[in-house]
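Next come the chains, spelled out residue by residue.
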Amino acid sequence: MAEFLMPQLGADMTAGKLLRWRKNIGDRILRGDIIADVETDKADIEIEVFTSGVIERFLVQPGEKVPVGTLLAIIQEDGKPAVAEPGHIPLVAPGLPQPVTPTLLPPVIAARPPLMERRPGRQRISPAARTLAANLGIDPGSLAGTGPEGRVTLEDVQRAEQANAAKPMPELVLDRQARMRQVIAAAMARSKREIPHYYLSTTIDMSRAMTWLTQENLKRSVEDRLVYGVLLLKAVALALHEVPELNSVWIDGKATQNSDVHVGVAVSLRGGGLVAPALHHTDRLSPGELMKNFRDLIQRARAGSLRSSELSDPTVTVTSLGEQGVETVFGIIYPPQVALVGFGRVVERPWSVAGQIVSRPVIVATLSADHRVSDGHRGGLFLAAVDRKLQEPESL
Amino acid sequence: MLTQMTYREAVRAALRQALRSDPRVFLMGEDVGRYGGAFAVSHGLLAEFGPERIRDTPLSESVFVGAGIGAALGGARPIVEIMTVNFSMLAMDQILNNAATLRHMSGGQFNVPLVVRVATGGGRQMAAQHSHSLEGWYAHIPGIQVLTPATVADAYGMLLAALREPDPVFIFEHATLYPLEGEVDETAEPVEIRRAAVRRSGSDVTLVTYGGTLGKTMQAADLLAQDGIEADVIDLRTLRPLDRSTILDSISKTHRAVLVDEAWRTGSFAAEISAQIMENAFDDLDAPVARVCSAEVPMPYAKHLETAALPKVEEIVSAAQELISRHG
Amino acid sequence: MATTSISERTTVDREHGLFLLREMLRIRRFEEKAAEMYSLQKIHGFLHLYIGEEATGVGTMQAFRPEDAIVATYREHGHALARGLPSTVLMAEMFGKATGCSHGHGGSMHFFDVSRRFYGGYAIVGGGLPIAVGLALADKLQNKQRVTACYFGDGAVAEGEFHESLNLAALWKLPVLFLCENNLYAMGTALVRHQAQTDIALKAASYGLASQAVDGMDVLAVEAAAKQAADAVRNGNGPVLLELRTYRFRAHSMSDPDLYRSKEEIEEWKKRDPISLFESRLREWRLLTEVDGTRLEREVAAEIDEAVRFAEASPFEPVEELLKDVSGPLKC
C-alpha cells in the first residue's frame, strides 16, 4: 500500500488545490503517469505518481485546497522489485549506519561563539546610573548593583536615594524598624559618648498661653484648631534668636551657627521607633501655619513618607512627652545638634502669684545642651526667653 | 638591518622577495607589467621575472580575480592586483560568491590561498568614481581577511605574511601612502597580521583608525598633547579579523574613544567598532564613542569640497576635546 | 562548424554501449527520484533537473581523465554522477546530511569533490567560468598537461564573464574545454530572445577559439566530438568550445511552472530522448537484449533506492559546528 501525498512543487509552495483526478479508483497506473491536476499560486500543474499499482482510494476531492504533504490517495502497490542479481555490486558508501529511523531536523539554535569578552574593569555601573548618582551626591562605590554581573543600574541609584530619604516600601516596614532601632541606638550611644551634656529645667506658667489658645480656637474651624504644642515650638524657635549658639551644629571639632531655625520635632512611630523631622523655618511661621505643617509632618512621619531634607535639616530638637503623662523630660541631644528642649505634661499646680496661692496650668521645660558650645548661664537665658515668649502668646 | 624606502618601494620589495622565494607566486592585473603598475609598484618586475609571472590582463576584473581563485585552487600562489577598489565592484561576484565561500560551501575540501592587492581611498581630486573607501564592505564578509597596512614597514611585512595564509587575503593600500617614507627591515621575522598596533601612548582618550587616516590621527594627537590631552593612537592594521582586545585595553585606561574612518559615516566600519566597544566596554565608557568619517556625499572634485568631505585633523581634535569637556 | 550526428557513427562495442546507456539511465532515474524526494520535502530550496540532457554530460565525460578538472553549474547532478561521485553522497548532500559530498553545506547546487577534481556547483550564472580559466592557468604555469572542463548553459553566454573568460583563455592559450549545453532556454527566456547572435559556436570562434556545434541528444556524437576537442586542448593548442545542442524535458527547476514553452515543443523534443534513441540504436545493432534492458533497470533502481536509504539514514551535522570551515588550514 502506498500513500500519494500533495507534492511540493516549488520552493515557496505551501498548499495546492486539487482541480481534478485524471484517473479513477480501480485504475491501474504506472510510475510516471499523470494522476491529477493541481492549482498552485504560479500555475496549474500536472502531478505524476511515483509508484505503479492500482488506485484504491481518493482522500481529497476536486476543489479542495490542502497543505503540501497531505494524503491525497492510497495506491495498492505492485509486488516489490526482485532482489539484485548476484554479481551486482551494491554501491554502499563506507560507514553505513543503522536501519532507517526518521531523522528529526536539528533544532534551529545556532551555536554562537562568544561575541563579547566580559572584562574585569572598573565598577560596573551604567552611564545613566553614574550620572544620576553624581547628581544626587551619592557615592556609586557604596552601592550594590543588581544589574547583570553586579552592574549598578539606574534603579539601584534611585533606590538608594529613596532609602536615604527614608522612603521605605511598605513591605520593608519590619526590617526598617529594626534598622531604625539600630540607627537610634548608634546615634544615642555616640551622643552620650561624645557630647558633654548639661541639663537645666524651669517651670513655666501656661495660663496666658492656654487662655489665648482657647480664644484663638473659637475663631477656627475644627480642622484648623491649634494645639498648645505649636506655641511651644514657636517659643523655642524665637528664643533661639536670643541664644543663637544653641542653634549650631558641631562638626569636626567646631560649632557652626545656623542662620535658619528648623526645629526638629520628635515623633514617636507606631510600632516603636522615633524620628525627629524638621519644621522648616519654625521661627518665621505663624502658629496657624505651624499647626498645618506640624500636622502634615506628623502624618507623613507616621506614614513613612518624610522628605530627606526634613531628616537632615533640624538645627535643634524639641521633644514633648506630655501625652505620655511625663512631667519632666531630660533628653539626649541628636548630633550634630548641640541642644535638645524637652517639655512635659501641662498640669494644674499650685502657683504663687503676688503672695497668693492659685491653681495654674504649668509645664516643665528642660534644656539638654552641649557644654562645648554653651554653658549653664547661656542655657538659662534661653529657657528664660522661652518662658517670656509663652507669657505673650499673641506675639508668637 | 633597516633600509629607508617609500611605501611603494616596500610593496615592490615584498613582491620581489615573494617572487624570488616561491616559484608558485605570480602577479596578475591591469598594467602591472609593461606599464610598471598604475602606481609604479611593480616597476621593473616584468624585466626581472618575465611575462609568465608578471601578467598583464585585459580590463576584465571578474575573470582575472576568478582566475586568481581558480589558480589558487590549482596549486599556484597568485597575487592579483585590482587597480583600485573602485573597479573591484566588477569582480564582487567572484570575491563574495567564490573566494569567500568555496571553503565552507565544499564542506572544507578546498582552501583558496589568494592574495588580492587593491589601491583605495580619496584625497587626490580623483572625483566621485575614483575615490571610494570600501574596505568596510569587504570586512563584512566571512571567509576572507582584510588588511590595511598604514606604515612602510607594514606595507612590506603584511604582504609577505598574507602569502602564508590559507584563505583569501585582501590588502588595501591607501593611494596617498605610496610616497610615504619609512624604514623596513627585510630580514625581520614575519609580522603578525592579526594584531593592531599602538602607535602612540596616552591615557586621556583613545583614537582608533586604519590605513590612510593614520597620519591625520597622529597629527591630531600631537595637537591634543599641546592642550594637555594625551591620546592612545591605535592603528588597526587589519579590519577582519578585528583585534578587539587592543582597543578594549586602551579604553579601559582612557574611557573615551574617537574612531577615524575615511568611509562614509553610515554603515562605516567605524560603526561596527563602535558597536563592539559598546558591547564589551560599556562600563568603561565615560562618554559615547565618537566617529569622524567622510561626509555623506559622492566625493567632489573641487579641492576645497573634497577636503570638506574627508575627515580632518581639526575634526578629530575637537571630537576628542568634546568628549573630555562634556563629560568631565 | 559541422554538427556531428549519429548517422556518421557506425557502431560501438557492446561493453561500451551498455556502459554509456547505463550511465545515462542512472542519471535519469536519479533525477526522477530527486524530483520525488523534493515533492516529499526531503530536498529543499532549488532543484534543477538534467532530464533530457543526459547524453551531453555522459558523452563529454568520456573525454576526461582523473587528473583533469571539472567545473559545472547548478544543474550538475548528471555531471557529478558521470564523473564518478557516488549517488549515495549526492543524495545525502541534497538531503542536507553530514555525509553529503559537501557535508550538507552546499545542497543540490554546490557539489564538490576534491578527490575527483570536481570543482562545483555554481549558482551564479557564469560564475564558474573564471574559476575554470584559473585552474587551467595553474596547470599551464606548473606545466601540467591536464584539461579543465567548463560546463555552462546558453544563459551564461549573456554574462560578461563568458566573454572575459573566453578572451583570456584564448589570449593566454589556456587548456580549457568550454562546454556550452545549449538547451535553448535561460530559465524562462528563449535563446532567440536574449541573444542577437544565437550561434554560440560562432561567438566562440570570434574570440579565437576552435569551436564546434554538436547534436547533444546523440551520446556517441557528443563523445566523439569531446574526445577530439579534449585531445586538442590537452596538447596545448589552446581552449576549445563545443556547443552541445540539447533540451531539458522538465522545467528549469522544481519551482518553475514552465509557462514559456509549448507542450508541443516539449513532445517534439521528447521524440529525441537521448536514452530512447540510444537504446533503439543499440537494439538495431543487436547489442542490447530484452534481458539486458530489464537487468539494467533493476540494477539502477536498486542503486537509487540505496542512495535514498543512505541519505535517510545519515545524520545531520551537529549545529555546534556551524562556524567550522569558514577559515582553516591549507588543503590545496
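Since the structure is predicted, the reported quantities are computational estimates derived from the model, not experimental observations.

The rules behind each value
- Residues numbered from 1 in each chain as written.
- Chains lettered and ligands numbered in written order.
- Predicted model: local features only at pLDDT ≥ 70, side-chain atom pairs only at ≥ 80, totals over all residues.
- Helix = DSSP H or I, 4+ residues; strand = E, 2+ residues; numbered from the N terminus.
- Buried ≥ 20, exposed ≤ 12 C-beta atoms within 10 Å, placed from the backbone.
- Contact = placed C-beta atoms within 7 Å.
- Pairing = 2+ DSSP bridges.
- Axes fitted to C-alpha atoms, helices over the stretch in contact; angles between N-to-C directions.
- Parallel < 35°, antiparallel > 145°, perpendicular 65-115°, else oblique.
- Left-handed = near helix turned anticlockwise from the far one by under 90°.
- Nonpolar A, V, L, I, M, F, W, Y, C, P; charged D, E, K, R; others polar.
- Core = buried A, V, L, I, M, F, W, Y, C linked by C-beta atoms within 7 Å.
- Expected span 1.5 Å × (residues − 1).
- Arc of directions from axis to C-beta.
- pLDDT = per-residue confidence, 0-100.

Counting its secondary structure elements, chain B contains 12 helices and 14 strands. In chain B, which comprises 328 residues, the proportion classed as buried is 58%.

Now for the overall build of chain C. What chain C contains, in helices and strands, is 12 helices and seven strands. The proportion of buried residues among the 332 residues of chain C is 55%. Taking the contacts inside chain C whose residues are at least 6 apart along the sequence as the reference set, 75% of them involve residues at least 24 apart.

Attention now goes to the sheet that holds strand β1 (residues 2–5) of chain A. Residues and elements named next belong to chain A. The strand order across the open sheet built from four strands is β1-β8-β6-β3, with neighbouring strands paired in antiparallel fashion. In this open sheet, the two edge strands, each paired with only one partner strand, are β1 and β3 (28–29). One ladder, built from five bridges, connects strand β6 (residues 53–58) with strand β8 (residues 71–77); its direction is antiparallel. Bridge assignment links valine 54 to a residue of β8, and that residue is glutamine 76.

A word on the packing of helix α1 (residues 14–39) of chain C against helix α11 (residues 274–284) of chain C. All names here are of chain C. Across the interface, α1 lies against α11 with an axial gap of 10 Å and an inter-helix angle of 155°. Of the possible angle classes, the one that applies to α1 and α11 is roughly antiparallel. The element α1 and its partner α11 pack so that their crossing is left-handed. Each of Gly17, Leu20, Leu21, Met24, Leu25 and Arg28 in α1 lies in contact with α11, whose residues at this interface are Pro274, Ile275, Phe278, Glu279 and Leu282. Taken together, the residues of the contact of α1 with α11 break down into eight nonpolar, one polar and two charged.

With that settled, consider the interface of chain C and chain B. Counting residues at the interface gives 36 residues for chain C, matched by 37 residues for chain B. Secondary-structure elements contributing two or more residues to the side of chain C that touches chain B are α5 (128–141) and α6 (160–171) of chain C. At 10 residues, α5(C) tops the list of elements feeding residues into the side of chain C that touches chain B. Along the lines of polarity and charge, the residues of the side of chain C that touches chain B split into 17 nonpolar, 13 polar and six charged.

All names here are of chain B. Overall, mixed pairing links the seven strands, which are arranged β3-β2-β4-β5-β7-β6-β12 in an open sheet. At either margin of the open sheet sits one strand with a lone partner, and together these are β3 (54–56) and β12 (238–240). Across the sheet, the mean angle separating the axes of adjacent strands is 20° when strand polarity is ignored. Across the sheet, helix α3 (residues 61–73) lies against β2 (25–29), β4 (77–84) and β5 (115–120), angled at about 160° from β4, the strand it touches most. Most of the contacts of helix α7 (residues 152–162) go to strand β7 (residues 169–174), to which it runs at about 165°, and overall it touches β5, β6 (145–147) and β7.

Glancing now at the nonpolar core. The biggest cluster of nonpolar side chains holds 219 residues, and the ones touching the most others in it are Leu207(B), Val258(B), Ala320(B), Val133(C), Cys150(C) and Leu177(C). Residues contacting Ala320(B), with those up to four places away along its chain left out, are Val205(B), Leu207(B), Leu224(B), Ile229(B), Ala231(B) and Val258(B). In terms of nonpolar packing, the next biggest core, distinct from the first, is built from 53 residues, Ala209(A), Phe294(A), Ala301(A) and Leu390(A) among them.

Below, the discussion takes up the pairing of β6(A). Note on strand geometry: in a regular strand, side chains alternate between the two faces of the sheet. Bridge count for β3(A) against β6(A) is two bridges, and the pairing is antiparallel. Paired with Arg28(A) across the strands is Val54(A), a residue of β6(A).

Attention now goes to the packing of helix α1 (residues 127–136) of chain A against helix α2 (residues 154–164) of chain A. Residues and elements named next belong to chain A. Packing of α1 against α2 brings their axes to within 8 Å, and their N-to-C directions diverge by 20°. Here α1 is positioned roughly parallel relative to α2, judged by the angle of their axes. Our pair here, α1 against α2, has a crossing hand that is right-handed. Of α2, the residues touching α1 (which contributes Ala128, Ala129, Leu132, Ala133 and Leu136) are Leu154, Asp156, Val157 and Glu161. Counted by class, the contact of α1 with α2 contains seven nonpolar, no polar and two charged residues.

All right, on to unusual backbone geometry then. A negative phi holds for most residues other than glycine; trans holds for most peptide bonds. Between Arg240(B) and Pro241(B) the backbone carries a cis peptide bond, its omega angle lying at 0°. Cis geometry marks the peptide bond from Gly120(C) to Gly121(C), where omega comes out at 10°. In the Ramachandran plot, His281(A) falls in the positive-phi region, its phi being about 55° despite a non-glycine side chain. Considering the arrangement of structural elements, one finds His281(A) in the loop between β15 (278–279) and α6 (287–303). Residue class for His281(A) comes out partly exposed when judged on the 16 C-beta atoms lying within 10 Å of it.

The next thing to look at is helix α4 (residues 92–99) of chain B. When α4(B) is considered as a whole, its buried residues turn out to be Asp93(B), Gln94(B), Ile95(B), Asn98(B) and Ala99(B). Elements in contact with the buried residues of α4(B): α3 and α5 (102–105) of chain B together with α5 of chain C.

The next thing to look at is helix α10 (residues 269–281) of chain B. Three or four residues apart is the spacing at which side chains of an α-helix point the same way, because the helix has 3.6 residues per turn. Residue and element names in this part refer to chain B. The terminal C-alpha atoms of α10 lie 18 Å apart, and with 13 residues this matches the ideal 18 Å at 1.5 Å per residue to within 8%. Among the residues of α10, those classed as buried are Phe269, Ala270, Ile273, Ile277, Asn280 and Ala281. Seen end-on, α10 carries its buried residues on one side only, within an arc spanning 100°. In α10, those exposed residues whose orientation departs by more than 90 degrees from the buried face are Ala275 and Met278. Among the structural elements, α6 (135–139), β10 (205–209), β12, α9 (244–254), β13 (257–264) and β14 (290–294) are those in contact with the buried residues of α10.

With that settled, consider the environment of Val249(A). Residue and element names in this part refer to chain A. Relative to the helices and strands, valine 249 is located in strand β10 (residues 248–251). Residues valine 249 and alanine 339, 90 residues apart in the sequence, show an inter-C-alpha distance of 9.2 Å. Dropping the residues within four chain positions of it, valine 249 is found in contact with Thr256, Asn258, Pro336 and Gln337.

Right, let's get into the confidence of the model for chain C. Note: predicted coordinates in regions of low pLDDT should not be interpreted at a detailed level. On average, residues of chain C score 94 in pLDDT, and 97% of them reach the 70 mark or higher. The ipTM assigned to the predicted complex is 0.82, against a pTM of 0.69.

Residue and element names in this part refer to chain B. Of note, leucine 15 is situated in helix α1 (residues 7–21). A residue is classified by how many C-beta atoms lie within 10 Å of it, and leucine 15, with 26 of them, is buried. With 11 residues separating them along the chain, leucine 15 and phenylalanine 26 place their C-alpha atoms 9.1 Å apart. Non-local contacts of leucine 15, meaning those with residues more than four positions away in its chain, are made with Leu27, Ser42 and Leu45.

Turning next to the environment of Ala186(C). Residue and element names in this part refer to chain C. Mapped onto the elements of the fold, alanine 186 is located in strand β4 (residues 185–186). When the 20 C-beta atoms within 10 Å are taken as the criterion, alanine 186 is described as buried. Taking the C-alpha atoms as reference points, alanine 186 and histidine 252, 66 residues apart in sequence, are found 8.3 Å from one another.

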